[in-house]
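# Structural overview
Here's the letter readout for the chains.
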Amino acid sequence: MNLLKIALLQIAPCKTLQENLEKGLESCVKAQEKGADIALFPEMWSNGYNIYNRPVSEWKAEAISADDDFIHAFGNLAKRLRMAIGITLLEKYEEAPRNSLILFDRFGEQKLIYAKVHTCDFDVERNLTPGEGFDVATLSTAVGEVKVGAMICYDREFPESARILMLKGAELILVPNACPMEINRLSQLRARAFENMTAIATCNYPEAVPDCNGGSSVFDGVAYLPELDHSRDTCILQADGKEGIYIAGLDLDQLRNYRQKEVHGNCYRHPKKYGILTESQINYPFIRDSYRA
């Protein structure tokens, strides 16, 4: 097996940027000691997703640039550990911050900056700048190159997010998260992995963090194997609610072989018949005053 080891850093944030830096770096070292090839943080690690029940101006002031020393520290560590790191942040950006992930490869090279497209505009995230699209990077790891994309939390509730990443070649989708991972949200992740034949790794905050419950997971997207007379459980890791570093081994050879033979993904789509999907009109009962185009 060609196992890509993914570390989900299901850890609780601290009170300051400096404390989050120190704890984050320490957690990455522990992940590498456990054999990880990629380490992923929960959503907006730089300030612990602490944007609720506070003045907007206060948490906006905590935004940092993608070129901040905080970010460089993780790039440098990725190079030293020879391990990819997906670090998340409240990113300083033009008029309003973004909810972002920056992915470094094992050589410390920045391969992807992704900003959350589907911001939760029904709540305080309407004060953020949404991302402009979904991109895929070729990530160098100790087990070879892997095509990686990202979604952040609410993005997973839209099938289009994972579908676009699959169409762009993603084999693995990283999903930083900050909300309760209950059965329906877990089902969304399972469905996104199944329908796109793509692995999906989600990292959440532990249950000690308000409105979170752990439950970080990895779905490998491989539903059928020729030696089985039934479908298999695509969930290869399901964390409990406790704080910790959880490691999943993704069998890349199995996934790639499956993607070459099975019927999902882009095999039998009819995109010419999907015109309504690109129409922007919203009709009753889905009209919301808080919607931003």
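Before going further, it helps to examine the overall build of the chain. Looking only at helices and strands, the chain features six helices and 12 strands. Its C-alpha atoms give the chain a radius of gyration of 18 Å, near enough to 19 Å, the size a compact globule of 293 residues would have. Considered along the principal axes of its C-alpha atoms, the chain spans approximately 55 × 55 × 30 Å. Looking at the chain as a whole, 51% of its 293 residues qualify as buried. Of all intrachain contacts in the chain linking residues separated by at least 6 positions in sequence, the fraction that spans at least 24 positions is 69%. Accessible area of the chain: about 14000 Å², with a carbon and sulfur share of 49%.

Counting 51 residues, the largest nonpolar core has Leu4, Leu8, Leu172 and Ile173 as the members making the most contacts within it. Leu172 has contacts with Leu4, Ile6, Ile38, Val146, Lys147, Val148, Gly149, Thr198, Ala199, Ile200, Ala201 and Leu250, leaving out every residue within four places of it along the chain. In terms of nonpolar packing, the next biggest core, distinct from the first, is built from 38 residues, Ile11, Met44, Ile71 and Met83 among them.

Relative to the helices and strands, Arg192 is located in helix H5 (residues 183-196). Once you skip the residues sitting within four places of it in the chain, Arg192 turns out to touch Arg156, Glu157, Pro159, Ala162 and Ile200.

This next bit is on the pattern of salt bridges. Applying the stated criterion to the full structure yields 17 salt bridges. Note that Lys30 is salt-bridged to Glu26, the shortest N-O span being 3.4 Å. Here Glu26 and Lys30 lie together in helix H1 (residues 17-33), a separation of four residues that amounts to about one turn. A residue is classified by how much of its surface remains accessible, and Lys30, at 40% relative accessible area, is partly exposed. By relative accessible area, which is 44% here, Glu26 ends up partly exposed. A salt bridge links Arg192 to Glu195; the shortest N-O distance between them is 2.6 Å. Taken as a pair, Arg192 and Glu195 lie in helix H5 at a separation of three residues, close to a single helical turn. The class of Arg192 is buried, set by a relative accessible area of 9%. Judged by its relative accessible area of 23%, Glu195 falls in the partly exposed class.

Reading the values: the criteria
Residues numbered from 1 in each chain as written. Predicted model: local features only at pLDDT ≥ 70, side-chain atom pairs only at ≥ 80, totals over all residues. Heavy atoms only, no water. Helix = DSSP H or I, 4+ residues; strand = E, 2+ residues; numbered from the N terminus. Rg over C-alpha atoms; globule rule 2.2 N^0.38 Å. Buried < 20%, exposed > 50% of the residue type's maximum accessible area, 1.4 Å probe, protein only. Contact = heavy atoms within 4.5 Å. Areas by Shrake-Rupley, 256 points an atom, 1.4 Å probe, with all protein chains shown as cover. Core = buried A, V, L, I, M, F, W, Y, C linked by side-chain atoms within 4.5 Å. Salt bridge = Lys/Arg side-chain N within 4 Å of Asp/Glu carboxyl O.

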